[in-house]
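Secondary and tertiary structure notes
Spelled out from the first residue to the last, the chains are:
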Amino acid sequence: MTITLKTPQEHEKMRVAGKLAADVLEMISDFVVAGVTTGELDQRCHDFMVNEQQTIPAPLNYHGFPKSICTSVNHQVCHGIPGHKKLKDGDIINIDITVIKDEYHGDTSKMFVVGQPSILAKRLIETTQKSMYLGISMVKPGVRLGDIGHAIQTFAESKKYSIVREYCGHGIGRVFHEEPQVLHYGKPDTGVILEEGMTFTIEPMVNAGKRQVKLLSDEWTVVTKDRSLSAQYEHTLGVTSTGFEIFTLRSDEAIEADSIPLHLIKP
Ligand code: MF3
Ligand code: CO
Ligand code: CO
């Protein structure tokens, strides 16, 4: 088990890459409307990354992934491949962006709704985002990853939702996916003990129905087995001496990186 601790110089590079990944999500926001195809969203993000940011879209050709972003619609859980499918009113979509800048990765995703979402969709999305913030808010040296996974799981399950177990957050830096694995479920007082300098993602996938998932024949798209809606949020963060820094924070997030208001998160 080798978890790389990053130097302050590396944290600075993660800060730069993280901000650029967040900028892509902000840029694409206005284009997520009824009638657009996920392929068009991919093309727009690709061109922005390559031409405007001079970043590398990390998913492109990653273990054979054919596109530059992941788009996961409705009952798709993660790793959806952009294509010809048009978004329609009421759809919910996760857009997951990973950029490489100066060799370092920034990885972040959020949910968008097309037109008017159902009450269930809205509540699922809110719960998923809060579960991510709850996990993030616990990050500091000495805390164990099992404590964080347990808190995320307990919160989502208190709303009668389920946590996907087959996919998890991950260490990140010069490498896209490295140790540790950051499970979004678990037991208190177990797992890796956090240390200053660690960098990883927290990216819970929450299903409105049962937790079971299956892989489509395209070998990438993960969907819920019961076809229930699924939502996901993701941030890349670093462990500081006193807590955490969110490298991928967006301007639309009404939180301070070092003081997420817990009263907004608690059940
Ligand atoms: N961005 C995803 C994550 O959060 C990984 C996508 S890998 C891909 O870890 F190949 F599907 F793009
Ligand atoms: Co990730
Ligand atoms: Co991601």
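These remarks concern the structure in this document. The structure presented is a predicted model; accordingly, all values stated were derived computationally and were not measured. (Residues numbered from 1 in each chain as written. Chains lettered and ligands numbered in written order. Predicted model: local features only at pLDDT ≥ 70, side-chain atom pairs only at ≥ 80, totals over all residues. Heavy atoms only, no water.)

Across its full length, the protein holds four helices and 15 strands. Against the globule reference of 18 Å for 267 residues, the protein gives a C-alpha radius of gyration of 17 Å, in line with a compact fold. With respect to the principal axes defined by its C-alpha atoms, the protein has extents near 45 × 45 × 35 Å. In the protein, which comprises 267 residues, the proportion classed as buried is 54%. Pairs at least 24 residues apart make up 70% of the contacts formed inside the protein by residues separated by at least 6 positions. For the protein, the exposed area adds up to about 11900 Å²; of that, 52% sits on carbon and sulfur atoms. Where the 28 positive side-chain charges of the protein centre and where its 34 negative ones centre are 8 Å apart. (Helix = DSSP H or I, 4+ residues; strand = E, 2+ residues; numbered from the N terminus. Rg over C-alpha atoms; globule rule 2.2 N^0.38 Å. Buried < 20%, exposed > 50% of the residue type's maximum accessible area, 1.4 Å probe, protein only. Contact = heavy atoms within 4.5 Å. Areas by Shrake-Rupley, 256 points an atom, 1.4 Å probe, with all protein chains shown as cover. Lys, Arg positive; Asp, Glu negative; His and termini not counted. Charge placed at Lys NZ, Arg CZ, Asp CG, Glu CD.)

Turning our eyes to something else, we now look at the coordination of the cobalt ion (ligand 2). Each protein donor to the cobalt ion (ligand 2) is listed here as Asp-107 (OD), His-170 (NE2), Glu-203 (OE) and Glu-234 (OE); together their distances run 2.0 to 2.2 Å. Classification of the site at the cobalt ion (ligand 2) as irregular follows from its six donor atoms and the range of 51 to 159° in their angles at the metal. Mapping the donors of the cobalt ion (ligand 2) onto the primary sequence gives the spacing D-x62-H-x32-E-x30-E. The distance between the cobalt ion (ligand 2) and the cobalt ion (ligand 3) comes to 3.3 Å, with Asp-107 serving as a donor to both metals. One end of the pair, Asp-107, is in strand β5 (residues 104-113); the other, His-170, is in strand β7 (residues 169-171), with 63 residues separating them in the sequence. Each member of the pair Asp-107 and His-170 is classed as buried. (Donors = N, O, S within 2.8 Å, 3.2 Å for Na, K, Ca; no water. Tetrahedral: all angles 85-135°; square planar, octahedral: opposite > 155°, others 65-115°.)

We now examine the site of ligand 1. Among the 14 residues in the neighbourhood of ligand 1, the closest are listed as Asp-96, His-170, His-177, Glu-203 and Glu-234. At a separation of 3.3 Å, a nitrogen atom of ligand 1 approaches a polar side-chain atom of Thr-98. Taking Glu-203, its side chain carries an N or O atom lying 2.8 Å from an oxygen atom of ligand 1. For the shell around ligand 1, the per-class residue count stands at six nonpolar, four polar and four charged. (Near = heavy atom within 4 Å. Polar contact = N/O pair within 3.5 Å; in protein donor to acceptor, adjacent residues only side chain to side chain. Nonpolar A, V, L, I, M, F, W, Y, C, P; charged D, E, K, R; others polar.)

Turning our attention to the packing of aromatic side chains. Each aromatic ring pair is summarised here by two numbers: the centre-to-centre distance and the angle between the ring planes. The full count for this structure, using the stated rule, is two aromatic pairs. Taking 5.0 Å as the distance between ring centres and 90° as the angle between the ring planes, the aromatic pair formed by Phe-65 and Trp-220 counts as edge-to-face. Pair noted here: Phe-65 is in the loop between β1 (56-57) and β2 (70-73) and Trp-220 is in the loop between β11 (213-215) and β12 (222-224), with a separation of 155 residues, a long-range link. One cation-aromatic arrangement involves Lys-110 over Phe-112; the distance from NZ or CZ to the ring centre is 4.5 Å. (Phe/Tyr/Trp six-rings, centres within 6.5 Å; stacked < 30°, edge-to-face > 60°. Lys NZ or Arg CZ within 6 Å of the ring centre and 35° of its normal.)

Moving on: the coordination of the cobalt ion (ligand 3). Note on metal sites: the ideal angle is 109.5 degrees for four tetrahedral donors, and 90 or 180 degrees for six octahedral donors. Of the protein atoms, only Asp-96 (OD), Asp-96 (OD), Asp-107 (OD) and Glu-234 (OE) coordinate the cobalt ion (ligand 3), at distances of 2.0 to 2.3 Å. Around the cobalt ion (ligand 3) sit six donor atoms; with metal-centred angles ranging over 58 to 166°, the donor geometry is irregular. Read from N- to C-terminus, the donor residues coordinating the cobalt ion (ligand 3) fall into the pattern D-x10-D-x126-E.

This part is about the sheet that holds strand β3 (residues 76-78). Within a sheet, each strand pairs with its neighbour through backbone hydrogen bonds, oriented either parallel or antiparallel. Pairing within the open sheet is antiparallel, and its three strands lie in the order β3-β12-β11. Lying at the two open borders of the sheet, with one neighbouring strand each, are β3 and β11. This sheet shows a mean twist of 40° between the axes of neighbouring strands, independent of strand direction. Pairing between β3 and β12: two bridges, direction antiparallel. Bridged to Cys-78 within β12 is Val-222. (Pairing = 2+ DSSP bridges. Axes fitted to C-alpha atoms, helices over the stretch in contact; angles between N-to-C directions.)

Of all 10 residues that make up β5, nine are buried, and the element is covered over most of its length. Relative to β5, strand β4 (residues 92-101) runs antiparallel, the two being bridged by 10 bridges. Each bridged residue has a counterpart across the sheet, and for Ile-100 the counterpart in β5 is His-105.

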